[in-house]
Amino acid sequence: VPLEDNDFVGTGCIIRLMDGEEILDSLTVIIKGDVDGDGKVNISDARKVLRVAVNLENFDGNPAAAYAADIDGSGKSEISDARKILRVAVGLQSF
């Protein structure tokens with residue numbers, strides 16, 4: 001689906017390089033901390049990562065979200081990742 005002028009590009013969006021109807025290449029967007037794919041890092045992202053870290057939820061087979069959630073590069077979502085995302089969301093820290 002083509003984006004409109006005011007649309008955000010978020011985690012999980014697929015960018016395709018096209019030549020007419022032919023797909024030449026494609027990339028999946030990953031925005032650190034943006035696990036819901038809305039293009040912003042906010043409190044709901046931190047909440048989701050925290051719930052995943054304590055095994056109350058999962059990323060439902062969404063590898064892009066799982067990758068965006070792994071702030072420290074440990075290979076999994078942890079409470080420390082959720083904390084950092086929360087601090088970024090409220091403007092106390094940056095990535």
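Below: a short report on this structure. (Residues numbered from 1 in each chain as written. Predicted model: local features only at pLDDT ≥ 70, side-chain atom pairs only at ≥ 80, totals over all residues. Heavy atoms only, no water.)

**Some details on the packing of helix 1 (residues 43-53) against helix 3 (residues 79-89)**
Contact geometry of helix 1 with helix 3 gives a least axis separation of 8 Å together with a crossing angle of 175°. In terms of axis orientation, helix 1 runs roughly antiparallel to helix 3. Residues I43, D45, A46, V49, L50 and A53 of helix 1 lie in contact with helix 3, whose contacting residues are I79, D81, A82, I85, L86 and A89. Split by residue class, the contact of helix 1 with helix 3 holds 10 nonpolar, no polar and two charged. (Axes fitted to C-alpha atoms, helices over the stretch in contact; angles between N-to-C directions. Helix = DSSP H or I, 4+ residues; strand = E, 2+ residues; numbered from the N terminus. Parallel < 35°, antiparallel > 145°, perpendicular 65-115°, else oblique. Contact = heavy atoms within 4.5 Å. Nonpolar A, V, L, I, M, F, W, Y, C, P; charged D, E, K, R; others polar.)

**Observations concerning a nonpolar patch on the surface**
Together, L3, V9, I15 and L27 make up a nonpolar patch on the protein surface, roughly 350 Å² of accessible area in all. Mapped onto the fold, L3 is located in the segment before strand 1 (14-19). (Patch = residues over 30% accessible without salt bridge, like charges linked within 9 Å, V, L, I, M, F, W, Y side chains within 5 Å. Areas by Shrake-Rupley, 256 points an atom, 1.4 Å probe, with all protein chains shown as cover. Salt bridge = Lys/Arg side-chain N within 4 Å of Asp/Glu carboxyl O.)

**A closer look at the pattern of salt bridges**
A side chain of one charge can pair with a side chain of the opposite charge when the charged atoms of the two come close. Following the criterion strictly, the structure yields two salt bridges and no others. Close ionic contact of K48 with E57 constitutes a salt bridge, the shortest N to O distance being 2.7 Å. We note a salt bridge from R51 to E57, for which the minimum N-O separation is 2.4 Å. Classification of R51 by relative accessible area gives partly exposed; the value is 26%. Overall, the relative accessible area of 26% leaves E57 in the partly exposed class. Linked by salt bridges that have partners in common, K48, R51 and E57 make up one network. (Buried < 20%, exposed > 50% of the residue type's maximum accessible area, 1.4 Å probe, protein only.)

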